[in-house]
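Fold and geometry: a report
Single-letter residue listing:
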Amino acid sequence: MPKAFTPKVVTANHLLAGDVIYQTADGWTRKLEEAEVLTDEADADLRLIEASQQVDEVVGAYLADVAVEDGKPVPTHFREEFRAKGPSNYAHGKQVELQ
Amino acid sequence: MYSYSEFDTAFLAERNRQFRAQVERRISGALTEDEFKPLRLMNGLYLQLHAYMLRVAIPYGTLSSAKMRKLADIAERWDKGYGHFTTRQNIQYNWPELKDVPDMLDALAEVGMHAIQTSGNTIRNVTADHFAGAAADEIADPRPVAELLRQWSTDHPEFQFMPRKFKIAITGSPNDRAVTKAHDIGIRMVEHDGARGYEIIVGGGLGRTPMIGKVINDFLPEADLLPYLEAIVSVWNQIGRRDNKYKARIKITVHEHGIDEIRRLVEERFVETRKTFSGVDQQMLREIEGHFAPPAFVEADTAPYTRALETYPAFRAWSDTNVTPHRDADHAIVTISLKKHGATPGDASAAQMRLIANLAETYGYDEIRISHEQNVILPHVHKASLPSIYSALKAEGLATANIGLISDIIACPGMDYCALATARSIPIAQEIATAFDDLKREHDIGQLKIKISGCINACGHHHVGHIGILGLDRAGVENYQITLGGDHTEQAKVGDRVGPGFSADEVVPAVERIVDTYLELRSDEDEAFIDTYRRTGLTPFKAALYPETKVAAE
C-alpha cells in the first residue's frame with residue numbers, strides 16, 4: 001500500500017544569498033511559518049517543478065516534511081529545524097537577523 | 001615563507017578573472033546550477049545548509065601576519081566577523097554571498113592566497129606537520145617539499161577529473177603530527193645511512209571505510225619524489241573505481257588490488273614518468289627552499305620566563321600545556337588554543353586573528369601555522385617573550401591552557417553548517433569541554449584526544465581519536481557512536497567501536513564513564529589514556545558503558 005502523503009513545503013537556497021527560503025503561494029519567504037503548506041501530492045509535485053524552474057533565483061528546491069501546528073508549518077526532522085532556526089552552537093546567522 | 005613569482009600572480013589573476021565571469025553568468029541565468037556547480041567547487045565555493053561556504057587554502061598551514069590580517073579583513077567585510085579553521089589546515093567562511101566571492105578571491109590574491117582545489121576531485125591542499133621548521137625532533141622542514149607539491153598539483157592537467165578527491169600529507173619528523181597514515185599519500189622524510197629520502201605511504205583514509213596507509217616505498221630518493229607521486233596518482237586515476245563514489249578513493253584501490261600489485265603498477269608507470277622530469281623540479285625545490293630559510297634567532301636572557309613560571313601559576317599551567325620545546329633551546333613553540341571551553345572549536349574572530357598577526361610580527365618572526373587540530377601555532381618565539389604573549393592572548397580569550405587535553409577537541413562543522421552532516425558535532429564538543437571544565441578535572445586526566453564527526457565522511461577524524469564520536473541520524477533522531485583507542489600518530493590505529501550509539505543527552509555521561517574507568521585503571525598519573533587503553537583493551541570500558549549488558553551476560 002502506498003505511503004500516505006504527509007504535509008510538505010517547498011524549500012530551497014536563495015541563489016544570491018545562499019540562505020534558506022520557503023515557497024509561498026506567490027513567491028518566497030525566509031520564514032518557515034509563512035510557507036505554503038501542501039497537502040495534496042499532485043499539487044506538491046507541481047509546485048516543486050515550478051520552483052525548480054526558477055533557476056536564476058533558487059538552488060536545490062525540494063519538498064520537506066512539516067507538521068501543522070496552530071495552522072502553521074513546523075519541522076518534523078531536526079535537519080529542517082536547523083535550517084529554519086540557524087546554527088545551534090550559538091545564536092547567529094540570517095535566521096537570528098530575521099527575528 | 002614562499003613568495004609568489006610573477007607566474008603565480010598572473011595565474012591566480014587569470015583564474016579569478018575567469019571565476020568572476022562564471023559567477024556573473026550564473027547570476028544572469030546564463031549558467032544553470034548544474035553547469036555552475038563544478039566551476040564553483042573548483043574554486044572552493046560550496047553551498048551549505050544556511051549559506052555559501054568559501055574554503056580558502058592555507059598551504060601546509062603556513063601563514064604570515066599579512067595573510068592572517070587579510071583573513072581577518074575578509075571575515076569582517078564579507079562574512080560575519082569570524083572564520084573557521086579546519087582539519088585540513090584551511091579556513092572556511094560560513095556566510096559569504098555569491099556576488100561577493102570574486103571580490104573575496106581578489107582580496108586573497110593580494111596576499112598570495114587562493115581557494116583553488118579546496119574542493120572537487122582533485123589533489124587537495126597539501127598538509128604538513130604544524131611544527132615544521134621549529135620542532136626539536138625534525139629531520140628536515142617538510143614545507144619546501146609541500147610547496148613543490150602545491151605547484152605540481154595545482155591545475156595539473158592529468159589530475160583535474162579523478163575518481164575522487166586526493167589528499168597528501170607530509171612530515172619531516174619521526175613523531176607524526178600530520179596524520180600521514182590516514183591520507184591517500186603520506187610522505188615521511190627519512191634518513192638512511194646519512195642520505196635523505198622519503199617513506200611513501202599510500203591508501204590511508206578515514207571516511208566510510210577507514211584504512212591505515214601501507215608503505216609502498218620505504219626509501220624513495222629525494223629526486224624521484226614528483227615522478228613517483230605522479231606515477232601513483234596516474235595508476236589510481238586509471239584503475240580507481242569510477243562506478244561507485246564510495247569505492248573510488250585510492251584506499252579501496254589498494255585494498256582491492258593489494259599493495260604489492262599497486263607497487264608493481266606504480267613502478268611500471270614510474271619508468272615512464274621518470275623520463276619526463278628533467279631535473280627542473282629539483283632546481284625549483286632548491287629555489288623554494290631559499291624561501292623557507294630559518295629566521296635569525298635572537299639571543300636574549302630567558303630569566304623573565306623563568307621568573308614568570310615561578311610567580312604566576314596560571315602562566316605556568318598555560319606554559320605546561322601550550323608550549324612545546326623548540327629546536328633552539330632558548331626558543332619555544334606556542335600553540336594558541338581555539339578551544340576555549342564552550343566555544344566552537346576552530347573558530348577565530350577577526351579581532352583574534354589580528355591579535356595573532358600582531359604577536360607573530362612582534363615576537364614570532366612573522367610566522368604562523370594552523371594545525372589540523374584546529375589551533376594556531378606561533379612556531380618561533382623566544383622564551384623571554386612568552387609572558388607578554390600570554391597576557392595579550394588572555395585579554396582576547398585565547399589563553400586557554402588545554403592543548404592535548406580533553407577539551408582540545410577536533411569537531412567538524414556538523415549539522416550546524418554542513419549540508420552533508422547527519423548530526424551535530426559542535427554542540428557535543430561544547431558540552432564535553434564545559435562539563436570537564438566545570439569539574440576542573442582535565443589537567444588530572446591528562447593527554448586525551450576527542451575527535452568528533454557529524455557524518456561518516458569523518459572530517460572530524462573520529463576514527464583516530466582516543467575517544468572518537470560519530471554523529472548519525474537514527475530514525476530522525478541524532479545518535480552518537482563511540483570508538484576508543486584510535487591513534488593519529490606514527491602508531492596510527494582505527495578506534496574500536498564500543499557498541500550501540502548514544503543519544504545527544506547521553507554523550508557527556510558516556511564520556512565521563514569512559515574517563516572514570518580510565519582513572520580507576522591507570523597504573524599511575526603518567527600512564528596516558530591511550531596507553532591504559534592499549535594495556536586493558538575495550539572490555540572494562542565496554543562494561544562501564546553498558547552495565548546492563550554485563551548483568552544480562554552473567
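Because the structure is a prediction, the values reported are computed rather than measured. (Residues numbered from 1 in each chain as written. Chains lettered and ligands numbered in written order. Predicted model: local features only at pLDDT ≥ 70, side-chain atom pairs only at ≥ 80, totals over all residues. Heavy atoms only, no water.)

1. Notes on the domain arrangement of chain B
All names here are of chain B.
- The domain architecture assigned to chain B consists of domain 1 (6-110), domain 2 (142-291), domain 3 (303-395) and domain 4 (414-553).
- Placing the centre of domain 1 and that of domain 4 at their C-alpha centroids yields a distance of 34 Å.
- The partner domain 4 presents seven residues to the eight residues of domain 1 that form the contact.
- Between domain 1 and domain 4, a total of about 620 Å² is buried, with carbon and sulfur atoms accounting for 56% of that surface.
- At the junction of domain 1 with domain 4, the criterion picks out zero salt bridges.
- Summed over the shared surface of domain 1 and domain 4, the number is five residue pairs in polar contact (both at pLDDT 80 or more).
- Class assignment for the residues of the side of domain 1 that touches domain 4 results in four nonpolar, four polar and no charged. (Domains from an automatic or database assignment. Contact = heavy atoms within 4.5 Å. Buried area = accessible area lost by both parts, 1.4 Å probe. Salt bridge = Lys/Arg side-chain N within 4 Å of Asp/Glu carboxyl O. Polar contact = N/O pair within 3.5 Å; in protein donor to acceptor, adjacent residues only side chain to side chain. Nonpolar A, V, L, I, M, F, W, Y, C, P; charged D, E, K, R; others polar.)

2. A few points about unusual backbone geometry
- Of note, Asp-70 of chain A is a non-glycine position whose phi angle comes to about 50°, a positive value.
- Position of Asp-70 of chain A among the secondary structure elements: in the loop between β4 (58-69) and β5 (72-75). (Helix = DSSP H or I, 4+ residues; strand = E, 2+ residues; numbered from the N terminus.)

3. Some points on the pairing of strand β17 (residues 450-453) of chain B
All names here are of chain B.
- Neither face of β17 is left uncovered, since the one carrying Ile-450 and Ile-452 and the one carrying Lys-451 and Ser-453 both have all their residues buried.
- Summarising the sheet, strand β16 (residues 410-411) and β17 pair through two bridges and their orientation is parallel. Looking at β17, one finds that Ile-410 is bridged to Lys-451.
- The pairing of β17 with strand β18 (residues 467-474) spans four bridges and is classified as parallel. (Buried < 20%, exposed > 50% of the residue type's maximum accessible area, 1.4 Å probe, protein only. Pairing = 2+ DSSP bridges.)

4. A look at the confidence of the model for chain B
- In the predicted model, chain B carries a mean pLDDT of 96, and the fraction of residues at 70 or more is 99%.
- For this predicted complex, the interface confidence comes out at an ipTM of 0.95, alongside a pTM of 0.96. (pLDDT = per-residue confidence, 0-100.)

5. Observations regarding the packing of aromatic side chains
Residue and element names in this part refer to chain B.
- According to the stated counting rule, one finds 19 aromatic pairs over all chains in the structure shown.
- Note on Phe-166 and Trp-236: the rings are 5.1 Å apart at their centroids and 40° apart in plane angle, and the pair reads as tilted. With Phe-166 in the loop between α5 (143-153) and β7 (168-171) and Trp-236 in helix α6 (residues 225-239), this residue pair connects regions lying 70 residues apart in the sequence. For the pair shown, Phe-166 and Trp-236 are each scored as buried.
- With 5.2 Å between their ring centres and 50° between their planes, Trp-318 and Tyr-390 make a pair best called tilted. Remark: Tyr-390 occurs in helix α13 (residues 386-395) and Trp-318 occurs in helix α11 (residues 313-322); sequence separation between them is 72 residues.
- Owing to a relative accessible area of 0%, Trp-318 belongs among the buried residues under this scheme.
- We classify Tyr-390 as buried; its relative accessible area is 10%.
- Grouped by ring-pair contacts, the aromatic residues Tyr-305, Phe-315, Trp-318 and Tyr-390 constitute a single cluster. (Phe/Tyr/Trp six-rings, centres within 6.5 Å; stacked < 30°, edge-to-face > 60°.)

6. Brief notes about the sheet that holds strand β11 (residues 323-325) of chain B
All names here are of chain B.
- Read across the sheet, five strands follow the order β3-β14-β15-β12-β11 without closing on themselves; strand pairing throughout is antiparallel. Since the sheet does not close on itself, it has two edges, and those belong to β3 (62-63) and β11, each with one partner.
- The sheet contact formed by β3 and strand β14 (residues 368-370) spans two bridges and is antiparallel. Note that in β14 the partner of Leu-63 across the bridge is Ile-368.
- Contacts between α13 and the sheet are confined to β11, β12 (331-336) and β15 (376-382), with β15 contributing the most and set at about 150° to the helix. (Axes fitted to C-alpha atoms, helices over the stretch in contact; angles between N-to-C directions.)

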